[in-house]
Amino acid sequence: MIGRRRSRSVFGAVALCLFAALVPTSALSAPTVPCKDAALAFLSGKQDKQMETVQLRTFHIEAKPLAKGYKIGRAAKVSVQITRPADEDPTGSGIPLPAGPLSSPAPDVFVGVGVNVGDVFLPGFAVTDEQGKAVVKVELKSYTVPGSADVSVYAYQTTANTTCLRVEENGFRQYPKMFSIKN
C-alpha cells in the first residue's frame, strides 16, 4: 500500500511538471503560486528554500569500446548510444513498465564514463549528437594498473528547470570487463 501511495505522488509530481512546462507563462502570473516561498527566496537572493527535483530514469544506454585493449598512457575510447525510453521503471518506484517498440535518439545528453581497474578510477565526459551518439575518451594515466577494465556509464539531462521544480532525465549502466589495459 505504501509503494502505491509513493508512486502516485511521484506520478503526480511528474504530471505537475509537465503541466507547468506546457502552460503559457501568462497563465502562471496569477496571484496564487504553488511554490510561492521558493520563488520569493530565489528572487530575493535567499537560497534557503530548495526547489523540488524529480529524477526520471528514461535513458537507455548502449556502450562498446572501439578496441579490445588499450595501453597505459593512451586514451581508451568508448562509443555510447543514448535512446528513450529506458527499459525500466522511470520513477524507480518498482512498477515495471516495458519499453515500447519504438525508441528515439536522445541528443544533447551529458555522458560520463568511469573506468575502474584495480584501485584506479578514471573519468571521461562527452555530449551526445543529434543521433544520440558520443565517443567518450578516457585518458589512461601513468598510474593505471594493467588488467580488466570495468566501465560504468551515466547519462544526464535537465529537461525542465523552473524556480520551483527541476526535472532531470538520467540513465545508468555497468559493463564488467569491457576491455583490457596493458603496459
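Predicted, not measured: the structure shown is a model, and the values here were computed from it. (Residues numbered from 1 in each chain as written. Predicted model: local features only at pLDDT ≥ 70, side-chain atom pairs only at ≥ 80, totals over all residues. Heavy atoms only, no water.)

Colleague: Would you explain the nonpolar core in this entry?
Modeller: Side chains of a nonpolar character, in soluble globular proteins, are inclined to be buried together. With 29 residues, the main nonpolar core has Val80, Ile82, Val113, Val115, Val151, Val153 and Phe179 as its most contacted residues. Secondary structure elements with two or more residues in this core: β2 (60-65), β4 (75-84), β6 (110-117), β7 (120-127), β8 (133-139), β9 (147-161) and β10 (165-182). Excluding residues within four positions of it along the chain, Val80 makes contact with Ile61, Glu62, Ala63, Val111, Val113, Gly132, Lys133, Ala134, Val136 and Val153. Core analysis: the second largest hydrophobic core is formed by five residues, Val54, Leu56, Ala160 and Val167 among them. (Core = buried A, V, L, I, M, F, W, Y, C linked by side-chain atoms within 4.5 Å. Buried < 20%, exposed > 50% of the residue type's maximum accessible area, 1.4 Å probe, protein only. Helix = DSSP H or I, 4+ residues; strand = E, 2+ residues; numbered from the N terminus. Contact = heavy atoms within 4.5 Å.)

Colleague: How should the pairing of β4 be read in this particular structure?
Modeller: A regular strand places its side chains on the two faces of the sheet in alternate fashion. Examined bridge by bridge, β2 and β4 share six bridges and lie antiparallel to one another. Across the sheet, residue His60 finds its bridge partner in β4, namely Thr83. Strand direction decides the pairing type here: β4 and β8, joined by seven bridges, are antiparallel. Considered in β8, the bridge of Ala75 is made with Glu139. Summarising the sheet, β4 and strand β5 (residues 104-105) pair through two bridges and their orientation is antiparallel. Paired with Thr83 across the strands is Pro105, a residue of β5. (Pairing = 2+ DSSP bridges.)

Colleague: It is not clear to me how unusual backbone geometry should be interpreted in this structure. Could you clarify?
Modeller: Note the cis peptide between Arg84 and Pro85, where omega equals -5 degrees. Located in the positive-phi region is Asp108, a residue other than glycine, with phi close to 60 degrees. For Asp108, the location among the structural elements is in the loop between β5 and β6. On the basis of relative accessible area, Asp108 is assigned to the partly exposed category, the value being 46%.

Colleague: Sorry if this is basic, but what is going on with the packing of aromatic side chains here?
Modeller: The geometry of an aromatic ring pair is captured by two quantities: the separation of the ring centres and the angle between the planes. On inspection of all chains with the given rule, the structure shows two aromatic pairs. A centroid spacing of 5.1 Å and a plane angle of 80 degrees characterise the contact between Tyr70 and Phe179, whose relative ring orientation is edge-to-face. Here Tyr70 is found in strand β3 (residues 69-71), whereas its partner Phe179 is found in strand β10, with 109 residues between them in sequence. The buried category is assigned to Tyr70, whose relative accessible area is 10%. When the centroid spacing of 6.5 Å and the interplanar angle of 25 degrees are considered together, the rings of Tyr154 and Tyr156 count as stacked. A relative accessible area of 34% means that Tyr154 is categorised as partly exposed. Relative accessible area serves as the criterion here: at 25%, Tyr156 is assigned to the partly exposed category. (Phe/Tyr/Trp six-rings, centres within 6.5 Å; stacked < 30°, edge-to-face > 60°.)

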